[in-house]
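Each chain, letter by letter, is given below.
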Amino acid sequence: MRRTLTPLAPLLVSCFIMMLGNGLINILLPVRMELEAMDTDAIGLILSLYFVGMLLGSLYARQLIRRAGHIRMFGGCLAIASVSILICSLYTDGTLWGAMRIVIGFCNACAYCAMESWLSESATEHNRGKVLAFYQVVMLVGLFLGQFAIGLYSPASNLLFIVAGILLTSSIIPVVLSRNSGPLVEEVEPMSLATLGRRSPLGLLTCFLAGMCHAAMFNMLPVYANSYDITGLDLSLYMGSAIMGGLLLQLPIGFLADRFDRRSVLLVILVTSVSLALSVNLFAQSALFWPAAIATGISAGIISCLYPIGVAEVFDKLRTSEMVSAMSCLILAFSAGGMIGPYSASLAMSLLDASALFRFLVAIQVLLCLFVIYRMLVSQALPVEDQEQMVMLSNTGALPTDLDPRTEYSEPELPPSDEAMLASEIADADPGAGVKMALAAAQTGVESSSEITEAVASADGIDALRFYRILLDEVPDQALDVTLSVVKAKPERAHKLVSQLAKHMPDQVVEIARQIGSSMPELRLKMARIAVEAAPESAVEVAEYYAQVMAEEYDAVRPADRGEDQTQEEAEQLISQISSVAPEYSDEVAEVVMDTMPDASPLDKDP
């Protein structure tokens, strides 16, 4: 893990500084607008516009990356965000501040997209969940500490706007000076809201209402606190308790949501949050600061968990191949809720009083409670063991699709090494020289030997079979590596290549055919046939090996994906292929396949 994160240190430092600036801006703007005697509903409207920019940025960030590249887009967007917050210090005008709020939201969304695609390039299939968790913690800790910067100067002065601009500008420096260049970003076609609503109405509504509650609470909370004389350091602590609650509660709530019926867990935490939200007003009216801060922190933490639970609820109903497109739709629902939440809460606060903020949050959560109960009555719960894992998400509006361990993993396409490119050029110009280079690399055991062999075998002027025979004769101890490299270069000739191996090394062909079948599933049946042709007595052993591999793959398939799974058909084909080569073992082969993978095989054991 350290090896993965160390090269990403500049990016994570930039993320941390950026979130310090955003943490300060999130508390500075509502406090300053209230000092300027703006109406509460005007404050809510201006703060809601951030999510308009966030939504637009989420839609267009990938196009900007493809046009300008990661570094220029990241640096340019944060520079524009810095200029935007500095402009707010020049004029106190609601329209101008609303426009700048849209710009900052847009720039933040683009910066998140750039950072997450960078992180995804460095993460592997096995550690991307940990990378995502570390990234989310960095963001939340930066956001938490940024709240305390408001104590540096009086909010009535313009110095805090300058500090926020300095932080946003400073966040550009580590990335610009790093050696990373960033990967290419592919366009993702979003799933329609109507389709997603039919597949998971509870998940979609949860994400939408989570956006409303989260945006309303974290944007209007400074206004609420000021009405109860919570200012200065106490204001930073109060806001910090809300952010820290979102960080600390995701782990225990995620633990419960993964081990019990997710809808029941959602209902319980909503009831808990409603009870605490009602108590906050009582504590605040009685000037009990710490009880109010603790109750607010727990309620805010539960609200911060609604979006991750909503995403997990949606993913329970989707195939793996649909998750990335669905995530784009879910962020749309969350952002739409974010656009409505602060303004709606501010209207309630303007019509009633500051305590209406928590009454508004209670009303939204009660509505979600009723819908959870309705869904529990009309649909059966998914078995707990089939539920998708809940993953920590920070509710910033970011799109961690490539880092989410639940989505399909695409291995980054690494450019060929300089040695492989040179070997390919030599083989194209002079096939004999290319063969000599590959042979020399194999004999000396250089690190890029396999890559060079594959590059030479791919050249147009190379006779793959002859090249393969030469390598087997000269470096027989590397038969496995050589075979894998040449088969990768010429998969359409796999049968002839491994058949050639059977003539030279009949004692190794079964093991090598196994390895090729495991690393290249599309050649599995062909390799099983070749192995049995070379050693008919190994028919049962080969059948059991490949049946075990297929059984493990079948067990790993998510329930939602099993409608597209081809394991049953492949099991039948495996029996057919081996039986056609070694008919004397057909009964034993059929029996061992059915015994090894009983759930996946449709064949009846009884004759």
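To keep things clear, this report deals only with the structure shown in the data block. Quick caveat, the model's predicted, so the values are computed rather than measured.

1. Some points on the overall build of the protein chain
Point 1. When helices and strands are tallied, the protein chain shows 27 helices and zero strands.
Point 2. Here the protein chain, with 607 residues, has 54% of them falling under the buried criterion.
Point 3. Across the protein chain, contacts joining residues at least 24 apart in sequence account for 82% of those joining residues at least 6 apart.
Point 4. Per element, the accessible surface of the protein chain, about 26100 Å² overall, is 58% carbon and sulfur.

2. So, helix α19 (residues 449-458)
Point 1. Buried within α19 are the following residues: S449, I452, T453, A455, V456 and A457.
Point 2. The secondary structure elements touched by the buried residues of α19 are α17 (418-429), α18 (431-444), α20 (464-474) and α21 (479-489).

3. Details of unusual backbone geometry
Point 1. The backbone of A37 sits at a positive phi, close to 65°, despite the residue not being glycine.
Point 2. Since its relative accessible area comes to 64%, A37 is described here as exposed.
Point 3. A positive phi angle, close to 60°, is found at A287, a residue other than glycine.
Point 4. With respect to the helices, strands and loops of the structure, A287 is situated in the loop between α13 (262-285) and α14 (289-315).

4. Notes on the packing of aromatic side chains
Point 1. One pass over the structure, following the stated rule, counts ten aromatic pairs.
Point 2. For the pair F51 and F334, a centre-to-centre distance of 6.4 Å together with 70° between the ring planes defines the contact as edge-to-face. Of this pair, F51 sits in helix α3 (residues 40-68) while F334 sits in helix α15 (residues 323-351), and the two are 283 residues apart along the sequence.
Point 3. We classify F334 as buried; its relative accessible area is 0%.
Point 4. Judged by centre distance (4.9 Å) and plane angle (70°), the rings of Y224 and F358 are edge-to-face. One end of the pair, Y224, is in helix α10 (residues 201-227); the other, F358, is in helix α16 (residues 356-378), with 134 residues separating them in the sequence.

5. Overview of the nonpolar core
Point 1. The biggest cluster of nonpolar side chains holds 134 residues, and the ones touching the most others in it are Y224, Y238 and F358.
Point 2. When residues in this core are grouped by element, the largest group, 16 residues, is from α10.

6. Some words on the pattern of salt bridges
Point 1. Within this structure, the stated rule accounts for six salt bridges.
Point 2. The salt bridge partner of D258 is R262, with a shortest N-O separation of 3.2 Å.
Point 3. A salt bridge links R359 to D353; the shortest N-O distance between them is 3.2 Å.
Point 4. A residue is classified by how much of its surface remains accessible, and R359, at 41% relative accessible area, is partly exposed.
Point 5. Each of the salt bridges in this network shares a partner with another, and the network as a whole consists of D258, R262 and D316.

7. Thoughts on the packing of helix α2 (residues 9-35) against α10
Point 1. Running from N to C, α2 and α10 point in directions that differ by 45°, and their axes come no closer than 8 Å. Put simply, α2 runs oblique to α10. Of the two possible hands of crossing, α2 and α10 adopt the one that is right-handed. Two secondary-structure elements touch here, α2 through N26, I27, P30, V31 and E34 and α10 through N219, P222, V223 and N226.
Point 2. In terms of residue class, the contact of α2 with α10 is built from five nonpolar, three polar and one charged.

8. Digging into the environment of D481
Point 1. Note on placement: D481 falls in helix α21.
Point 2. Relative accessible area serves as the criterion here: at 41%, D481 is assigned to the partly exposed category.
Point 3. Along the backbone, D481 and I516 are 35 residues apart, and their C-alpha atoms lie at a distance of 10.0 Å.

9. Looking at the side chain of Q365
Point 1. Inspection of the secondary structure assignment puts Q365 in helix α16.
Point 2. On the basis of relative accessibility, which here comes to 1%, the residue Q365 falls in the buried class.
Point 3. Beyond its immediate stretch of four places on either side in the chain, Q365 contacts C213, L270, S273, V274 and I303.

10. Side note on a negative patch on the surface
Point 1. A cluster of acidic side chains, namely D418, E419, E447 and E451, defines a negative patch on the protein surface.
Point 2. Topologically, D418 is positioned in helix α17.

11. Some points on α18
Point 1. Helix length check: α18, at 14 residues, gives a terminal C-alpha distance of 20 Å against a target of 20 Å (1.5 Å per residue), a fit within 8%.
Point 2. A positive phi of about 70° marks G445, the residue just after α18.

12. Comments concerning the environment of I364
Point 1. Mapped onto the secondary structure, I364 falls in helix α16.
Point 2. A residue is classified by how much of its surface remains accessible, and I364, at 11% relative accessible area, is buried.
Point 3. Each C-alpha atom, one on I364 and one on A210, is 9.1 Å from the other, the two residues being 154 residues apart in sequence.
Point 4. With near-sequence residues (within four places) excluded, I364 lies in contact with L209, M212 and C213.

Parameters and conventions
Residues numbered from 1 in each chain as written. Predicted model: local features only at pLDDT ≥ 70, side-chain atom pairs only at ≥ 80, totals over all residues. Heavy atoms only, no water. Helix = DSSP H or I, 4+ residues; strand = E, 2+ residues; numbered from the N terminus. Buried < 20%, exposed > 50% of the residue type's maximum accessible area, 1.4 Å probe, protein only. Contact = heavy atoms within 4.5 Å. Areas by Shrake-Rupley, 256 points an atom, 1.4 Å probe, with all protein chains shown as cover. Phe/Tyr/Trp six-rings, centres within 6.5 Å; stacked < 30°, edge-to-face > 60°. Core = buried A, V, L, I, M, F, W, Y, C linked by side-chain atoms within 4.5 Å. Salt bridge = Lys/Arg side-chain N within 4 Å of Asp/Glu carboxyl O. Axes fitted to C-alpha atoms, helices over the stretch in contact; angles between N-to-C directions. Parallel < 35°, antiparallel > 145°, perpendicular 65-115°, else oblique. Left-handed = near helix turned anticlockwise from the far one by under 90°. Nonpolar A, V, L, I, M, F, W, Y, C, P; charged D, E, K, R; others polar. Patch = residues over 30% accessible without salt bridge, like charges linked within 9 Å, V, L, I, M, F, W, Y side chains within 5 Å. Lys, Arg positive; Asp, Glu negative; His and termini not counted. Charge placed at Lys NZ, Arg CZ, Asp CG, Glu CD. Expected span 1.5 Å × (residues − 1).

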